[in-house]
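Structure at a glance
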Amino acid sequence: MDFDAIFRGQLDALKAEGNYRIFAELERRAGAFPRATCHMGGAAREITVWCSNDYLGMGQHPAVVGAMVDAVKAHGTGAGGTRNISGTNCHHLALERELADLHGKDAALLFTSGYVSNWAALGTLGARIPDVVILSDEKNHASMIEGIRHSRADKVIWKHNDWRDLDRKLKAVGDRPKVVAFESVYSMDGDIAPIREIVEVCEAHGALSYIDEVHAVGMYGPRGGGVSEARGLAHRIDIIEGTLGKAFGVVGGYITGSAALTDFIRSFASGFIFTTALPPAVAAAATASIRHLKTSDEERRRQQANVAKVRARLDRLGIPHMPNESHIIPVMIGDPVKARMISDILMQDWGIYVQPINYPTVPKGTERLRITPSPFHTDADIDRLATALGALWRRCALAHAVA
């Protein structure tokens, strides 16, 4: 059997559809965010990044960098194994206390990524709660879908952000144990869930509520606790899951909840038990980032101001972008080949990096550029982005938004 021929055939089909992924080779420079050096095409050149999930630039904040460097010098580079085998470092415990405090919960549990925390937590709940049904929003992240699938629990899909549909389907489930899984900010469309209504439906049916705040922690609320904190609802949600790899600028994932719930996941989740722990230096840096954003609102205010500026410029140019309440600006193109071409031209001719988003991340026909302004983009950066997009929209004969 020629397995390479199988692999090449499917890769060729992916390329023909325009959905083959090309990774930009970038060198980010500490202290220069959102600038980076691009090493593609045999030459190095400076570009401006417009699609980073390090939403607030905390990955280069001096306090965060300093905490990581100090911890490496004190503890070395790795954790030495799982927490069960190698022990729990003091920085792991400090970070878990910080996260529990951030969300007003009894306890927190660290994982190696947000993907793993969703997969492990939902997988364990589904596998270990007898006769449970998991009700999942139809646009939930792949990590949530995979965790539910792995659990082999019965699942029910409810219409995106439709709490009335959720209510109907919870009634239909009856008296069985129920877990409702949803996100606060959906990363591709940037829309925000009706959290209060969803929580009230969960409470009415005695369902366990599980919210993914990955794209919201650090970004919303007076201390960066996410949309649930901003809307005064965190205390009514049973499990709040988040990441350290986006607005907090490091890497890792976590869940927070009651002491019994987090101990339950710690004791039964294979994704926690059998995975090497986060390096202590990563935990120390994340702790520094969370502590800073608990007391500083400057980064959030500047970022929100830049989001408004970019949206206003796009509106004046008639460039279609999905309206939402969040920091994510999806600029709609609707064709994978054109999305890739526009991204390439922005990089080559304008020094602007915006990665195209194609299927299967988004449905076919909804291909887009996903722009995430940071606190550190200047007015000149915004002018250049708007000028470039305006020129490309004319050059590629793309449809303009209807006023």
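Everything here concerns the structure above.
These numbers were taken from a predicted model, which means no experiment stands behind them.

What to know about the overall build of the protein chain
Counting its regular elements, the protein chain contains 15 helices and 14 strands. For a compact globule of 403 residues, the expected C-alpha radius of gyration is about 22 Å, and the protein chain comes in at 22 Å, within 12% of that figure. Referenced to the eigenvectors of the C-alpha coordinate spread, the extents of the protein chain come out at roughly 60 × 55 × 55 Å. Here the protein chain holds 403 residues, and 54% of them are scored as buried. Counted over contacts in the protein chain with a minimum sequence separation of 6, partners at least 24 positions apart contribute 70%. Accessible surface for the protein chain amounts to roughly 17,500 Å². Of this, 54% is attributable to carbon and sulfur atoms. Seen as two clouds, the 46 positive and the 46 negative side-chain charges of the protein chain have centres 2 Å apart.

Examining helix 10 (residues 259-268)
When we look at burial in helix 10, the residues that qualify are Leu261, Thr262 and Ile265. For helix 10, the angular spread of the buried residues around the axis is 95 degrees, confining them to a single face. Those residues of helix 10 that are buried are in contact with strand 4 (107-111), helix 5 (114-128), strand 8 (208-212), strand 9 (239-243) and strand 10 (253-257).

Some words on the sheet that holds strand 7 (residues 178-183)
Within the open sheet, the 7 strands sit side by side as 4-10-9-8-7-5-6. Their pairing is mixed. Each end of this open sheet is capped by a strand with a single partner; those strands are strand 4 and strand 6 (154-158). Ignoring which end each strand starts from, the neighbouring axes of this sheet average 20 degrees apart. Bridge count between strand 9 and strand 10: 4 bridges; the pairing is antiparallel. Opposite Thr243, over in strand 10, you have Gly253 as the bridge partner. Those strands touched by helix 4 (residues 90-103) are strand 4, strand 9 and strand 10, and its axis lies near 125 degrees from that of strand 4. Set on the sheet, helix 8 (residues 195-205) makes contact with strand 6, strand 7 and strand 8; between it and strand 7 the angle comes to about 175 degrees.

Thoughts on the pairing of strand 14 (residues 368-371)
Residues of strand 14 alternate between two faces, with Arg368 and Arg370 on one and Leu369 and Ile371 on the opposite face, all of them buried. When strand 13 (residues 356-357) meets strand 14, the two strands line up antiparallel, connected through 2 bridges. Of the residues in strand 14, the one forming a bridge with Pro356 is Leu369.

Concerning a nonpolar patch on the surface
Judged by side-chain polarity, Met1, Phe3, Ile6, Phe7, Leu11, Leu14, Tyr20, Ile22 and Met40 come together as a nonpolar surface patch covering roughly 860 Å² of accessible area. Topologically, Phe3 is positioned in helix 1 (residues 3-17).

Describing the packing of aromatic side chains
What the rule picks out here adds up to 3 aromatic pairs. Between Phe111 and Phe272, the aromatic rings sit 5.9 Å apart at their centres with planes inclined by 75 degrees, giving edge-to-face as the arrangement. You can see Phe111 sitting in strand 4 and its partner Phe272 sitting in helix 11 (residues 270-273), a full 161 residues away along the chain. Note on accessibility: Phe111 and Phe272 belong to one class, buried. One residue, Lys15, lies across the ring of Tyr20, its end atom 4.7 Å from the ring centre. Across from the ring centre of Phe268, 3.9 Å away, lies the NZ or CZ of Arg128, which sits over that ring.

Here's the deal with the sheet that holds strand 13
If you walk across this open sheet you meet the 3 strands as 11-14-13, and the pairing is antiparallel. Edge positions in the sheet fall to strand 11 (329-332) and strand 13, since each has one partner strand and no second. Looking at chain direction, strand 11 and strand 14 are connected through 4 bridges and run antiparallel. By the bridge assignment, Val331 is partnered in strand 14 with Leu369. Its contacts with the sheet place helix 14 (residues 336-350) against strand 13 and strand 14, and it is angled at close to 45 degrees to strand 14.

Comments concerning the environment of Ala339
By the secondary structure assignment, Ala339 is in helix 14. Residue classification places Ala339 among the buried residues on the basis of a relative accessible area of 0%. Remark: the alpha-carbon pair of Ala339 and Glu367, spanning 28 residues in sequence, is separated by 6.6 Å. Excluding residues that lie within four positions of it along the chain, Ala339 makes contacts with Ile333, Pro356, Asn358, Glu367 and Leu369.

Description of the side chain of Ser151
Looking at where Ser151 falls in the secondary structure, it is placed in helix 6 (residues 142-151). With residues up to four places along the chain from it excluded, the contact list for Ser151 reads Leu122, Gly123, Gly126, Ala127 and Ile134.

A closer look at helix 13 (residues 298-317)
End to end, helix 13 covers 29 Å across 20 residues, agreeing with the expected 28 Å (1.5 Å per residue, within 8%). Buried within helix 13 are the following residues: Glu299, Arg300, Gln303, Asn306, Val307, Val310, Arg311 and Leu314. When helix 13 is viewed along its axis, its buried side chains cluster within an angular range of 135 degrees and face the same direction. For helix 13, exposure combined with an orientation more than 90 degrees from the buried face picks out Arg301, Asp315 and Arg316. At its buried positions, helix 13 is contacted by helix 12 (280-295), strand 11 and helix 15 (379-395). Immediately downstream of helix 13, the backbone of Gly318 shows phi near 75 degrees, a positive value.

Observations concerning the nonpolar core
Counting residues in each nonpolar core, the largest one holds 51 residues, and the members touching the most others are Val180, Phe182, Ile195 and Leu244. At the level of secondary structure, the elements contributing two or more residues to this core comprise helix 4, strand 4, strand 5 (133-137), helix 7 (163-173), strand 7, helix 8 and helix 12. Considering every element that reaches this core, the biggest residue donor is helix 12, with 6 residues.

Reading guide: rules and limits
Residues numbered from 1 in each chain as written. Predicted model: local features only at pLDDT ≥ 70, side-chain atom pairs only at ≥ 80, totals over all residues. Heavy atoms only, no water. Helix = DSSP H or I, 4+ residues; strand = E, 2+ residues; numbered from the N terminus. Rg over C-alpha atoms; globule rule 2.2 N^0.38 Å. Buried < 20%, exposed > 50% of the residue type's maximum accessible area, 1.4 Å probe, protein only. Contact = heavy atoms within 4.5 Å. Areas by Shrake-Rupley, 256 points an atom, 1.4 Å probe, with all protein chains shown as cover. Lys, Arg positive; Asp, Glu negative; His and termini not counted. Charge placed at Lys NZ, Arg CZ, Asp CG, Glu CD. Arc of directions from axis to C-beta. Pairing = 2+ DSSP bridges. Axes fitted to C-alpha atoms, helices over the stretch in contact; angles between N-to-C directions. Patch = residues over 30% accessible without salt bridge, like charges linked within 9 Å, V, L, I, M, F, W, Y side chains within 5 Å. Salt bridge = Lys/Arg side-chain N within 4 Å of Asp/Glu carboxyl O. Phe/Tyr/Trp six-rings, centres within 6.5 Å; stacked < 30°, edge-to-face > 60°. Lys NZ or Arg CZ within 6 Å of the ring centre and 35° of its normal. Expected span 1.5 Å × (residues − 1). Core = buried A, V, L, I, M, F, W, Y, C linked by side-chain atoms within 4.5 Å.

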